[in-house]
Number of protein chains: 2
Amino acid sequence: MYKVTLSLSKLDPDAKAPQYAQLYEQLKLAITDGELAEHMRMPSIRSFAGTLGVSTTTVELAYSQLVAEGFLDSRPKRGYYVQKLPEPYWQTGGSEQDGEAATITSIPRAAPMRDNLAYRYDFHLSKNDLEVFPFALWRRLSNQVLRQDHQDLLFYGDPQGEYGLRVQISQYLRQFRGCVCTPEQVVIGSSQHQLLTLICHLLKGQLLHIGVENPGYLLHAETFRQQGLHVCPIPVQDNGIQVEEVYAAHVQAVCVSPSHQYPRGIVMPIAKRLQLLEWAERVKGYIIEDDYDGEFRYHGRVIPSLQGLQGGHRVIYLGGFSQVLAPSLCIHYMVLPPDLIGVYQQMEHQMLLEQSASRIHQCTLQLFMERGHLEKHIRKMRKRYGLKHDLLIQSIQAVFGEKAVIIGKDAGFHILLRIEHPLSEHELVLRAREAGVRVASAAHTWLTPTSYSYREFFIGFGGIEQERIEPGIKRLYDIWYSDQGEARA
Amino acid sequence: MYKVTLSLSKLDPDAKAPQYAQLYEQLKLAITDGELAEHMRMPSIRSFAGTLGVSTTTVELAYSQLVAEGFLDSRPKRGYYVQKLPEPYWQTGGSEQDGEAATITSIPRAAPMRDNLAYRYDFHLSKNDLEVFPFALWRRLSNQVLRQDHQDLLFYGDPQGEYGLRVQISQYLRQFRGCVCTPEQVVIGSSQHQLLTLICHLLKGQLLHIGVENPGYLLHAETFRQQGLHVCPIPVQDNGIQVEEVYAAHVQAVCVSPSHQYPRGIVMPIAKRLQLLEWAERVKGYIIEDDYDGEFRYHGRVIPSLQGLQGGHRVIYLGGFSQVLAPSLCIHYMVLPPDLIGVYQQMEHQMLLEQSASRIHQCTLQLFMERGHLEKHIRKMRKRYGLKHDLLIQSIQAVFGEKAVIIGKDAGFHILLRIEHPLSEHELVLRAREAGVRVASAAHTWLTPTSYSYREFFIGFGGIEQERIEPGIKRLYDIWYSDQGEARA
């Protein structure tokens, strides 16, 4: 007979989160905390539902989600078993794992869990500082758009995006990102996933293999894979992607983040940019340039885009307003090279594609940009993020001293913190969480099995309040080094 | 030597539309109007640019778009030639075309051109009546959302869509569309194209062939094709899709619009719904139910969804707010059957998918629904559209008499008008346009070559002002029947 040895808090039928989600959360914690041991059999759906006094659907949904995320394994006619935690999830690295890590290739990479807990010290890797968003101004502009005398703005707009906003975007890109483009080259969309999917189909027939940065941004690789492309991870060196490897991989396109490599913060030097453009010219390939936060550089000059270097003929440039303004507006864009505009328009026309970004937000943003507010806002935010950045660097240096290496500073919303520690990254993240500090392991950015002896974490500084940075870093150090961790290190 | 025999109006460098677009529009008109004859060679890019005093890029872009849309043919080293108008574009039908029509299978179907001209009598096929949109109320609710004390609403939200809105949607669907669903089954997205793309990947591995209604909605078929599925057009009879053909096609899913078939306005009777559900159960297939405007039925009761009939286990339900509220909000949703929720969540998690519909609009809509405004708005609009609908039917009957058959009345935003006429649908649309009347040919809804002796047009009544309906129908009759058309008919 199977006995539940687990203590669960009561499921609350009146809570905002549904009961299955509450159960899922509790079981997930029990698994990651080791309370439910690897390979242990879970109670059957029916008996567990009886024990908990909930419907079998509730338990089934909780189990399915855990199976989906790789926490449980469902074996036909036998039941549900606690899985060994999938490696890419909480890459432990370290010499004791070397042999094993190399064998993990078929498990799709998963991202760190989205965790909506409130943390006292929230070093979220990509959070904006929304405290100083110009709420009143945005409301005013938005109210100007949403009026009966503009009622047609509630109807479908230009499927490629509002022309007026595309004019603003192309001016902005020319002035601030050094791009070469016209409004006709700009295509607006509601998410990077959607624009990347479109790109795959624009290049259909000429694109089978695509290179992506390794380590890099999971969404790129997964979207290309979803659209049937063969994804080739290209190693990132200290000065960016290895161009010889791009040649060797025989890809027809490569996706890079030259202004601020994600996650390692490298700026691709001009020589390498030119090499990459030469590659594209030679093989008639395309460079997809993701310039997700090129505006935020805190010391030295902002780096102009790669797109602007040689006329942009072989570059598809990706940008958006998540970092410079707010993610919830869901406005992204791409700049197509001239030879793809006709292809795009044919596709839009044939498929009856409709614009997916809110036309009301597009028009509001157009007013916001026309009147110079975006420029002002970016200047203000650059200053604000710069202060937080400097404070973070100083705090880490003062508190961690020789124990930490800082990677990818001077830009964006995060740095990587590298330390040596006997505990795994997973355990260190959990300890930090218990102490009210949010940090994320950088393991999920590796697209191929890898092993290293150090531990690496994202430390974001965009969203955290300035006065919590130093205490947060101290707390992190204490929790990692004050007890046996310190002794063993 | 080649001579330009064409009279073009001057391109205006200061106009809102770019010069290439102005040139494109003029050339397109010249081709559809027959001013530029089939198979004629166009001037070379360089010489034409010289003649017009514009850059070669301008001409090149205009030509590329015309090539992309099938108006011109580009022959290497020889130049650009005016194409025979692709049949599916302006399906002429008629007995003189029978033999030829059957050979056209490889040209991808194209939609009628999107035409932003202002028409005096605008029978646009899918336009809302935005005159009575509750602007002040929406501004007020939106301003409540967009406040500094809710600053976190500017950050990324739940990738599946705001939970509070999903609660409202599931309640609404249960109450007004007879669906069986929980908020956990609802997935929000910014466009139908995006949700359909997700569905293709949720069913990956088990879905190779998909049935779609013929005639039907182009976007469905094209999106499935884009995602690599084999699309099987299933004939629509007078009472909906032919279920025997669904069996015969050996598809694993079928996409239908049972409440109001697009474009023919058929309501699928209960017996056929049950047959279709039985098919799905037997072959373990899925029914994708597009319920795009099920709310708008003007005589008799609203038809409940197919999803609600047998627990929704094999139905993926698609809905949205374009028809009931406004397209520009870009909020759509789907209801997944329980067995696909885990699959969806795994995909969302692995790919780092983000929500693509504005979180600000989502929260505003949630307030709007919570306070009962959506229900009230739909009641008001149903009455308003119903009046316009009845007026349209009366006008057509009074003006066209025996000359017209009305198809698919009593619901939605359009009817189909069928007439007999010696002129082609293309010519009749052009004549109407010249007389300030917008109507669209229904030819582009056919997914396979077809021939019929009648002429069929979309006559939309949602967006046109009530007092223009009767004069518009009179104008249409006059322009089609008052001169030689009448004599020849």
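Each chain carries its own residue numbering, running from 1 in the written order of its sequence. Throughout, the order in which chains and ligands are written sets their labels, letters from A for the former and numbers from 1 for the latter. With the structure being a predicted model, the display of local features is reserved for residues of pLDDT at least 70 and the display and counting of side-chain atom pairs for 80 or more, all residues being used for whole-chain, interface and lining totals. Based on all heavy atoms of the structure, the side-chain values leave hydrogens and waters out of the count.

Visitor: Tell me about the interface of chain B and chain A, and please be specific about residues and values.
Guide: On the side of chain A, 78 residues touch chain B, which itself brings 77 residues to the contact. Note: buried area is the sum, over both parts, of the accessible area (probe 1.4 Å) each one loses when the two are combined. Roughly 7,200 Å² of surface becomes buried between chain B and chain A when both sides are summed, with 60% attributable to carbon and sulfur atoms. When a carboxyl oxygen of Asp or Glu is within 4 Å of a side-chain nitrogen of Lys or Arg, the pair counts as a salt bridge. For the pair chain B and chain A, the number of links is two salt bridges. Of the charged contacts, one joins aspartate 152 of chain A and lysine 127 of chain B as a salt bridge, the two residues approaching to 3.5 Å between their closest N and O atoms. Side-chain atoms alone can form a polar contact between residues adjacent in sequence; in general such a contact is a pair of N or O atoms within 3.5 Å, and within protein one must be able to donate a hydrogen while the other accepts it. In this assembly, chain B and chain A are joined by 22 residue pairs in polar contact (both at pLDDT 80 or more). Counting from the N terminus, the helices are DSSP H or I runs at least four residues long and the strands are E runs at least two residues long. When residues of the side of chain B that touches chain A are traced back to their parent elements, those giving at least two are α3 (56-68), α5 (135-145), α7 (192-202), α8 (218-226), α11 (338-351) and α12 (359-370) of chain B. Here a residue-residue contact requires only that any non-hydrogen atoms of the pair lie within 4.5 Å.

Visitor: Kindly report on the packing of α5 of chain B against α12 of chain B, identifying the contributing residues and their values.
Guide: In helix packing, the relevant descriptors are the interaxial angle and the interaxial distance, both defined with respect to the helix axes. Residues and elements named next belong to chain B. Between α5 and α12, the shortest axis-to-axis distance is 9 Å and the interhelical angle comes to 120°. Relative to α12, the element α5 lies oblique. Of the two possible hands of crossing, α5 and α12 adopt the one that is right-handed. Residue-level contacts link Leu137, Trp138, Leu141, Ser142, Gln144 and Val145 of α5 to Ile360, His361, Cys363, Thr364, Leu365, Leu367 and Phe368 of α12. As a working rule, the residues Ala, Val, Leu, Ile, Met, Phe, Trp, Tyr, Cys and Pro are called nonpolar, Asp, Glu, Lys and Arg charged, and the rest polar, with Gly in that last group. A per-class count over the contact of α5 with α12 returns nine nonpolar, four polar and no charged. Note on definitions: angles span 0 to 180 degrees between N-to-C directions of axes, and those axes are lines fitted to C-alpha atoms, for helices only across the stretch in contact. Here roughly perpendicular refers to angles of 65 to 115 degrees, roughly parallel to angles under 35, roughly antiparallel to angles over 145, and oblique to all remaining angles. By definition, turning the near helix anticlockwise from the far helix through less than a right angle yields a left-handed crossing, and turning it clockwise yields a right-handed one.

Visitor: I'd like a description of the sheet that holds strand β13 (residues 414-419) of chain A, backed by residues and values.
Guide: Pairing between the strands of a sheet is mediated by backbone hydrogen bonds and can be parallel or antiparallel. Residues and elements named next belong to chain A. Strands sit in the order β12-β13-β16-β15 across an open sheet of four strands; the sheet is antiparallel. Among the strands making up the open sheet, the edge pair consists of β12 (404-407) and β15 (440-441). One requirement defines pairing of two strands: DSSP has to find at least two bridges between them. Here β15 pairs with strand β16 (residues 455-460) via two bridges, running antiparallel. Note that in β16 the partner of alanine 440 across the bridge is phenylalanine 458. Set on the sheet, helix α13 (residues 373-400) makes contact with β12, β13 and β16; between it and β13 the angle comes to about 10°. Strands in contact with helix α14 (residues 425-434) are β13, β15 and β16; relative to β16, the strand with the most contacts, it is inclined by about 35°.

Visitor: Any chance you could break down the sheet that holds strand β13 (residues 414-419) of chain B for me, citing the residues and the numbers?
Guide: All names here are of chain B. The antiparallel open sheet is built from four strands, whose spatial order is β12-β13-β16-β15. What marks the edges here is a single partner per strand, and that holds for β12 (404-407) and β15 (440-441). Strand direction decides the pairing type here: β13 and strand β16 (residues 455-460), joined by six bridges, are antiparallel. Directly across from leucine 416, in β16, lies its bridge partner phenylalanine 458.

Visitor: Please give an account of the pairing of strand β6 (residues 230-237) of chain B that cites residues and values.
Guide: Looking along a regular strand, one sees side chains alternate from face to face of the sheet. Residue and element names in this part refer to chain B. Across six bridges, the pairing between strand β5 (residues 209-214) and β6 is parallel. Along β6, the bridge assignment pairs histidine 209 with histidine 230. For the crossover that starts at β5, traverses α8 and ends in the parallel β6, the hand is right-handed. Once β6 ends, the chain turns through two residues before running back antiparallel as strand β7 (residues 240-241). A clockwise course of the path from the first strand over the helix to the second, judged with the strands pointing away from the viewer, identifies a crossover as right-handed.

Visitor: Explain the relation of the copies chain B and chain A residue by residue, including any values.
Guide: Residues reaching a pLDDT of at least 70 in both copies supply the C-alpha atoms on which the copies are superposed by least squares. Expressed as a screw transformation, the operator carrying chain B onto chain A has a rotation angle of 180° and an axial translation of 0.1 Å, and the superposed copies differ by an RMSD of 0.2 Å. The relationship between the two copies is best expressed as a two-fold rotation axis.

Visitor: Provide a residue-level description of the side chain of glutamine 345 of chain A, including the pertinent values.
Guide: Relative to the assigned elements, glutamine 345 of chain A resides in helix α11 (residues 338-351). Between buried and exposed lies partly exposed: a residue is buried under 20% and exposed over 50% of the maximum accessible area for its type, with that area taken using a 1.4 Å probe on protein chains only. By relative accessible area, which is 10% here, glutamine 345 of chain A ends up buried. Not counting chain neighbours up to four residues away, the residues in contact with glutamine 345 of chain A comprise Gln160 of chain A together with Tyr20 and Gln65 of chain B.

Visitor: Give me the lowdown on the pairing of strand β1 (residues 72-75) of chain A, citing residues and values where you can.
Guide: Bridging between β1 of chain A and strand β2 (residues 79-82) of chain A involves four bridges; their strand directions are antiparallel. Paired with aspartate 73 of chain A across the two strands is tyrosine 81 of chain A, which belongs to β2 of chain A.

Visitor: Help me get a handle on the environment of serine 424 of chain B, residues and values and all.
Guide: Note on placement: serine 424 of chain B falls in the loop between β13 and α14 (425-434). Within the structure, the side chain of serine 424 of chain B is placed 3.1 Å from the side chain of glutamate 427 of chain B, a separation counted as a polar contact.

Visitor: Explain the domain arrangement of chain A residue by residue, including any values.
Guide: Residue and element names in this part refer to chain A. The start and end points of each domain follow an automatic or database-based domain assignment. Domains assigned within chain A are domain 1 (19-101), domain 2 (121-127 + 376-488) and domain 3 (134-372). The C-alpha-based centres of domain 2 and domain 3 are spaced at 29 Å. Of the roughly 2,500 Å² buried at the junction of domain 2 and domain 3 (both faces included), carbon and sulfur atoms supply 61%. If you sort the residues of domain 2 by the area they bury against domain 3, His377, Arg382 and Leu447 come out on top, with a joint share of 25%.

Visitor: Give me the packing of aromatic side chains: which residues, what numbers.
Guide: Pairs were defined over the aromatic rings of Phe, Tyr and Trp, the Trp ring being its six-membered one, requiring ring centres within 6.5 Å. Orientation was assigned from the angle between planes: stacked under 30 degrees, edge-to-face over 60, tilted for the rest. Per the stated rule, a full pass over the model turns up 44 aromatic pairs over all chains. In textbook terms, an aromatic cluster arises when at least three aromatic residues are bridged by ring pairs, as seen for Phe400, Phe457, Tyr477, Trp480 and Tyr481 of chain A. Geometry around tyrosine 481 of chain A places lysine 403 of chain A over its ring, the cationic atom sitting 5.1 Å from the centre. Two conditions define a charge located above a ring, namely a distance within 6 Å from the ring centre to NZ of Lys or CZ of Arg, and an angle within 35 degrees of the ring normal. Sitting over the ring of tyrosine 81 of chain B, arginine 75 of chain B keeps its end group 3.8 Å from the ring centre.

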